[in-house]
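A structural walkthrough
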Amino acid sequence: MRGVIDGAALPKHVAIIMDGNGRWAQRRFLNRKAGHAAGAEALKKLTREAEKLGIEYMTVYAFSTENWKRSREEVNDIMDLIRKYIQQYIDDSENNQARVFVIGRRDRVPEDIVRKIENLERVTEDKQGIKLIIALDYGGRDEMIRAVKKLCSRAKDEEITESLFESFLDTSRFPDPELLIRTSGETRVSNFLLWQLAYAEFHFTDKLWPDFNINDLKDAIRRFQDRERRFGGR
Ligand code: FPP
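Overview of the structure. Bear in mind that the values here come from a model prediction, so they are computed numbers and not experimental data.

This brings us to the overall build of the protein. Scanning the protein from terminus to terminus reveals seven helices and six strands. Secondary structure of the protein in N-to-C order comes out as β-α-α-β-α-β-α-β-α-α-β-β-α. Relative to the globule expectation of 17 Å for 234 residues, the C-alpha radius of gyration of the protein, 18 Å, shows essentially globular dimensions. Along the first, second and third principal axes, the C-alpha atoms of the protein reach 55 × 50 × 35 Å. Pairs at least 24 residues apart make up 76% of the contacts formed inside the protein by residues separated by at least 6 positions. As displayed, the protein offers around 12500 Å² of accessible surface, 47% of which is attributable to carbon and sulfur atoms. Side-chain charges in the protein split into 42 positive and 40 negative, and the spacing between the mean points of these groups amounts to 4 Å.

Put into structure tokens, the structure is as follows:
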């Protein structure tokens, strides 16, 4: 798709379902782990480029509450990659401006990863670049149930409003995404940010996640801006 991006009308927050790592590997006669590793590299690169473009928030679906159903080997491989990726981010934080947050459950991911996440959130807390939000052991329904439980125990006498409910979600510190991208030709939302995507534009592409690059992101943004222009800003 041609045309330039309007830098003044960028989506502030882009959410991404990074799908297709397995098929990317299969097409190259590689194992699934190699596909996830290529996916992690694609994410690193895209984060830097999205930051340069001026995107303020990017939330990515790294591991869903349903992903535990995959083989033990694949779950371990993904956890290993996440461990490695977080450690690299910590080691390289001086050369990086991204501030990283992790949303989702923390009671089922390996303990050492939880420690690393806490460390990563701490070492990047003064960073002024893009806010990268990694959804790990995350599911929208699970998040809402956890929010309701907190709300019931802490806000007994308050009137229940959307903003009160939102304050108990994992994402309470972030604005809602205006644009959701899903790669690999799938067109489901798969329990991702169910509350937060209420008004988002959805963009689906056949590209497999490891092949998704900054030009694809720009393409998604152009289409987003085109639709916003046609339907009038909200
Ligand atoms: C979907 O592809 C991808 C995942 C379930 C995991 C996403 C993980 C990464 C991009 C790498 C690790 C993340 C970080 C933050 C380092 P799929 O396996 O469902 O692909 P398929 O549908 O082609 O099999």
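There is more to say after this.
Following the criterion strictly, the structure yields 21 salt bridges and no others. Glu 74 is paired through a salt bridge with Arg 70; the nearest N and O atoms lie 2.9 Å apart. In this structure, Asp 216 and Lys 207 form a salt bridge, with 3.0 Å as the shortest nitrogen-oxygen distance. Overall, Asp 216 belongs to the buried group, its relative accessible area being 14%. Several salt bridges converge on common partners, so that one network encompasses Asp 19, Arg 23, Arg 182, Glu 186 and Arg 188.

What follows concerns the pairing of strand S5 (residues 179-182). Consecutive side chains of a regular strand alternate in pointing toward one face of the sheet and then the other. Of the two faces of S5, the one lined by Leu 179 and Ile 181 and the one lined by Leu 180 and Arg 182 are each fully buried. Sheet topology note: the strand S1 (residues 13-17)/S5 ladder contains four bridges and is parallel. Paired with Ile 16 across the strands is Ile 181, a residue of S5.

Here six strands make up an open sheet; going across it, the order is S3-S4-S2-S1-S5-S6 and the pairing parallel. Of all the strands in the sheet, the pair left with one neighbour each is strand S3 (99-103) and strand S6 (201-204). The average angle at which neighbouring strand axes cross in this sheet is 20°, direction not considered. Bridging between S1 and strand S2 (residues 57-64) involves four bridges; their strand directions are parallel. Residue Ala 15 lies in a different strand from S2, and its bridge partner there is Thr 59.

Relative to the assigned elements, Arg 32 resides in helix H2 (residues 32-53). Apart from residues no more than four positions distant in its own chain, Arg 32 is found in contact with Gly 22, Ala 25, Arg 70 and Glu 74.

The next subject is the site of the ligand. Among the 16 residues in the neighbourhood of the ligand, the closest are listed as Gly 22, Arg 23, Arg 32, His 36 and Arg 70. Take Arg 70: an N or O atom from its side chain is 2.8 Å from an oxygen atom of the ligand. Coverage of the ligand by the protein amounts to 92% of the 620 Å² it exposes when considered alone. At the level of elements, helix H1 (21-27), H2 and helix H3 (72-91) are the ones that each hand at least two residues to the shell around the ligand. Top contributing element to the shell around the ligand by residue count: H2, with five residues.

Positive phi values are uncommon outside glycine, yet Phe 29 reaches one of about 55°. Mapped onto the secondary structure, Phe 29 falls in the loop between H1 and H2. A positive phi angle, near 75°, is found at Ser 184, a position not held by glycine.

Reading the values: rules and limits
- Residues numbered from 1 in each chain as written.
- Predicted model: local features only at pLDDT ≥ 70, side-chain atom pairs only at ≥ 80, totals over all residues.
- Heavy atoms only, no water.
- Helix = DSSP H or I, 4+ residues; strand = E, 2+ residues; numbered from the N terminus.
- Rg over C-alpha atoms; globule rule 2.2 N^0.38 Å.
- Contact = heavy atoms within 4.5 Å.
- Areas by Shrake-Rupley, 256 points an atom, 1.4 Å probe, with all protein chains shown as cover.
- Lys, Arg positive; Asp, Glu negative; His and termini not counted.
- Charge placed at Lys NZ, Arg CZ, Asp CG, Glu CD.
- Salt bridge = Lys/Arg side-chain N within 4 Å of Asp/Glu carboxyl O.
- Buried < 20%, exposed > 50% of the residue type's maximum accessible area, 1.4 Å probe, protein only.
- Pairing = 2+ DSSP bridges.
- Axes fitted to C-alpha atoms, helices over the stretch in contact; angles between N-to-C directions.
- Near = heavy atom within 4 Å.
- Polar contact = N/O pair within 3.5 Å; in protein donor to acceptor, adjacent residues only side chain to side chain.

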